[in-house]
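Residue-level structure breakdown
Chain by chain, the residues:
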Amino acid sequence: MKELSFRTDVLPLKDELFRLALRITLNRADAEDVVQETMLRVWKRREQWDELESIEAFCLTICRNQALDKMKRADNMNATLEEGHDKADRSYASNPEEQAVQRDRVAMVRALIAQLPEKQRTCMQLRDMEGKAYKEIAQVLGITEQQVKVNIFRARQTVKERFKQMDEHGL
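Below, the structure is looked at part by part.

How each quantity is defined
- Residues numbered from 1 in each chain as written.
- Predicted model: local features only at pLDDT ≥ 70, side-chain atom pairs only at ≥ 80, totals over all residues.
- Heavy atoms only, no water.
- Helix = DSSP H or I, 4+ residues; strand = E, 2+ residues; numbered from the N terminus.
- Buried < 20%, exposed > 50% of the residue type's maximum accessible area, 1.4 Å probe, protein only.
- Lys, Arg positive; Asp, Glu negative; His and termini not counted.
- Salt bridge = Lys/Arg side-chain N within 4 Å of Asp/Glu carboxyl O.
- Contact = heavy atoms within 4.5 Å.
- Expected span 1.5 Å × (residues − 1).
- Core = buried A, V, L, I, M, F, W, Y, C linked by side-chain atoms within 4.5 Å.

Another point: the side chain of Lys70. Here Lys70 lies in helix α4 (residues 55-74). Comment: no salt bridge for buried Lys70; closest opposite-charge side chain is Asp33, at 4.1 Å. Sequence-distant contacts of Lys70, defined by excluding residues within four places in its chain, comprise Asp30, Asp33 and Val34.

Next up, the structure:
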């Protein structure tokens, strides 16, 4: 087993941890706090690093738990992602109207994802947005790979159905 270093093995995960925390807390300041607390907790448990199969899964698990704890304390589950992350399509084929429609659709999908149950939302985000393997997601969430697949399937179906309803009926 290789010797783990905070600087080379843990610190480079900070952006990934921030994205995970942001998706759960839906607030940049809270996400930054979660990442800082995560880094402290990982450092305090450095004696256990040799026993770990994956330092990344360990860090993601702590980050997820910290973010969920912060959400419970703040009771802020229905907030939406901050605006400003969307980059409008600057291709020649798109006009301002198409760009506005696209931004509205992205905002709608984000809102739908934010309404998913926490486990489904986290599974979907780790898989579809972070590109994590089912095994890694299962380790982070403490569930089986099959449960991860079921949660992702249900999350995608829910978002797809609700998006279709909203798009057709303007709900």
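Resuming the write-up.
This part takes up unusual backbone geometry. Residues other than glycine seldom take positive phi values, yet Leu26 does so here, at roughly 60°. As for its placement among the helices and strands, Leu26 is situated in the loop between α2 (14-25) and α3 (28-44).

For α2, which comprises twelve residues, the first-to-last C-alpha distance of 16 Å matches the rise-based estimate of 16 Å (1.5 Å per residue) to within 8%. Summarising burial for α2: nine of the twelve residues are buried, a large majority. Taken together, the buried positions of α2 are Glu16, Leu17, Phe18, Leu20, Ala21, Leu22, Arg23, Ile24 and Thr25. One or two steps after α2, the chain reaches Leu26, where phi turns positive at roughly 60°.

Glancing now at the nonpolar core. Core analysis: the largest hydrophobic core is formed by 35 residues, its most contacted members being Leu17, Trp49 and Ile55. Where this core is concerned, the elements lending two or more residues are α2, α3, α4, α6 (118-129), α7 (134-141) and α8 (145-169). When residues of this core are assigned to their parent elements, the largest contribution, ten residues, is made by α4. Setting aside residues up to four positions removed in sequence, Trp49 forms contacts with Leu4, Ser5, Phe6, Val10, Val42, Trp43, Ile55 and Phe58. If you look at the next biggest cluster of nonpolar residues, it comprises seven residues, including Leu116, Met124, Ala155 and Val159.

Taking 1.5 Å of rise per residue, 20 residues should cover 28 Å, and helix α5 (residues 96-115) covers 29 Å from first to last C-alpha, within 8% of that figure. Of the positions making up α5, those classed as buried are Gln99, Met108, Leu112, Ile113 and Ala114. Check the buried side of α5 and you find it contacts α6 and α8.

Further remarks concern the pattern of salt bridges. This structure, assessed with the given rule, holds eight salt bridges. Of the charged contacts in the structure, one is a salt bridge between Arg19 and Glu130, with a shortest N-O distance of 2.9 Å. Of this pair, Arg19 sits in helix α2 while Glu130 sits in the loop between α6 and α7, placing them 111 residues apart in sequence. Salt-bridge contacts for Arg23 lead to Glu130; the nearest nitrogen and oxygen are separated by 2.7 Å. One end of the pair, Arg23, is in helix α2; the other, Glu130, is in the loop between α6 and α7, and 107 residues separate them in sequence. Residues Arg23 and Glu130 agree in their burial class; the two are buried. Linked by salt bridges that have partners in common, Glu16, Glu56 and Lys132 make up one network.

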